[in-house]
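Structural overview for review
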Amino acid sequence: MSWTSYGAYLSIVVGLVLMPGPDTFVMLRASLVGGRAGGLSTLAGVFTGNALQGGAAAFGLGVLVASSHTAFTVIRWAGVVYLCVLGVQALRAARRGDYPVVPDGGPRLPARRSFLVGFGSNITNPKVLVMYLSVLPQFLVPGVTTTADALLLALSVAVLGGVYGVGLVLAVHRARAFFTRRRVRRAGDVVAGVALIGFGGALAAA
């Protein structure tokens, strides 16, 4: 694989990573609820889910899932339910308006729970797998591209997404004096709740 080809691939990936999606809103809310540690734990879950889906696409397993109507439908509806549940939880939190002070860098939620929230958001979103299956094959040359090359391309998405996520979490942490205000937290929960339910609705209609 040439550097020119890899550079073209990265330019597409960067655009996809910067496009806000369910994972972005999940990480933002985790950073507000659980501080820096909560946000990073959620990011670790998103990264793991992304890497697993990328690896599956690189080894050809993603094609099997995408071609199975039953498997794809189950994953899609699991994603719809999961995103809507997260959205409702955010809206309920906004309605209650009860926002205890979050210790600097310390999570209110266990790291394992934050990790699972991020992992669930990513792994139950079949659009992530579809993205891999629509973009990745364009840079694979039969008989030339090795499995290692395919893995490099696939995992580049997870790595770049991870870098972006770290920057996002740290940016929220640096501005925590602003983001931890009750009115800002409440508005953030409303936006996150509506966005997550909207993503769930869009996934249901897909």
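Residues numbered from 1 in each chain as written. Predicted model: local features only at pLDDT ≥ 70, side-chain atom pairs only at ≥ 80, totals over all residues. Heavy atoms only, no water.

Quick look at the overall build of the protein chain now. A count of helices and strands for the protein chain gives nine helices and zero strands. Walking the protein chain from its N terminus toward its C terminus, one meets helices and strands in the order α-α-α-α-α-α-α-α-α. Taken over C-alpha atoms, the radius of gyration comes to 18 Å for the protein chain, in line with the 17 Å a tight globule of 206 residues would show. For the C-alpha atoms alone, the extent of the protein chain along its principal axes is close to 60 × 35 × 25 Å. Residues counted as buried form 41% of the 206 residues belonging to the protein chain. The contacts in the protein chain between residues at least 6 apart in sequence include a share of 88% that link residues at least 24 apart. (Helix = DSSP H or I, 4+ residues; strand = E, 2+ residues; numbered from the N terminus. Rg over C-alpha atoms; globule rule 2.2 N^0.38 Å. Buried < 20%, exposed > 50% of the residue type's maximum accessible area, 1.4 Å probe, protein only. Contact = heavy atoms within 4.5 Å.)

The contact between helix H2 (residues 22–58) and helix H4 (residues 69–96) brings their axes to 12 Å, and the two run at 35°. Between H2 and H4 lies a crossing of left-handed hand. Counted together, Pro22, Val26 and Arg29 of H2 and Leu83, Leu86, Gln89, Ala90 and Ala93 of H4 form the full contact between these two elements. (Axes fitted to C-alpha atoms, helices over the stretch in contact; angles between N-to-C directions. Left-handed = near helix turned anticlockwise from the far one by under 90°.)

Attention now moves to the confidence of the model for the protein chain. Overall, the predicted model of the protein chain reaches an average pLDDT of 84, with 92% of residues at or above 70. Between the elements of the protein chain, mean pLDDT differs from a low of 66, seen in helix H3 (residues 61–67), to a high of 92, seen in helix H5 (residues 111–123). (pLDDT = per-residue confidence, 0-100.)

A separate point is the environment of Val26. Here Val26 shows up in helix H2. On the basis of relative accessible area, Val26 is assigned to the buried category, the value being 6%. As for Val26 and Val80, which are separated by 54 residues in sequence, their C-alpha atoms are 14 Å apart. If near-sequence neighbours (up to four positions away) are discounted, Val26 is found in contact with Thr42, Leu86, Val117, Gly118, Ser121 and Leu196.

This part covers the environment of Thr42. Tracing the sequence through the fold places Thr42 in helix H2. Along the primary structure Thr42 and Arg176 are separated by 134 residues, whereas in three dimensions their C-alpha atoms are 17 Å apart. Apart from residues no more than four positions distant in its own chain, Thr42 is found in contact with Val26, Met27, Ala30, Ser114, Phe115 and Gly118.

What follows deals with H4. Spanning 28 residues, H4 covers 40 Å between terminal C-alpha atoms, matching the ideal 40 Å at 1.5 Å per step. Turning to H4, its buried residues are Arg76, Gly79, Val80, Leu83, Leu86, Gly87, Ala90, Ala93 and Ala94. Summarising the contacts, the buried residues of H4 are in contact with H2, H5, helix H6 (126–135) and helix H9 (182–205). Immediately beyond the C-terminal end of H4, within one or two residues, lies Gly97, with a positive phi of roughly 70°. (Expected span 1.5 Å × (residues − 1).)

Interaxial distance between H2 and helix H7 (residues 147–174) falls to 8 Å at its minimum, and their mutual angle equals 175°. Between H2 and H7, the crossing angle belongs to the class labelled roughly antiparallel. (Parallel < 35°, antiparallel > 145°, perpendicular 65-115°, else oblique.)

Looking now at H2. The terminal C-alpha atoms of H2 lie 23 Å apart, and with 37 residues this falls more than 12% below the ideal 54 Å at 1.5 Å per residue. Along its length, H2 shows its largest kink, about 145°, at Gly34. Of all the 37 residues making up H2, 27 are buried; the element is thus mostly covered by neighbouring parts of the structure. Following H2 by one or two positions, Gly60 adopts a phi angle in the positive range, close to 90°. (Bend = angle between axes of the 7 residues up to and from the residue.)

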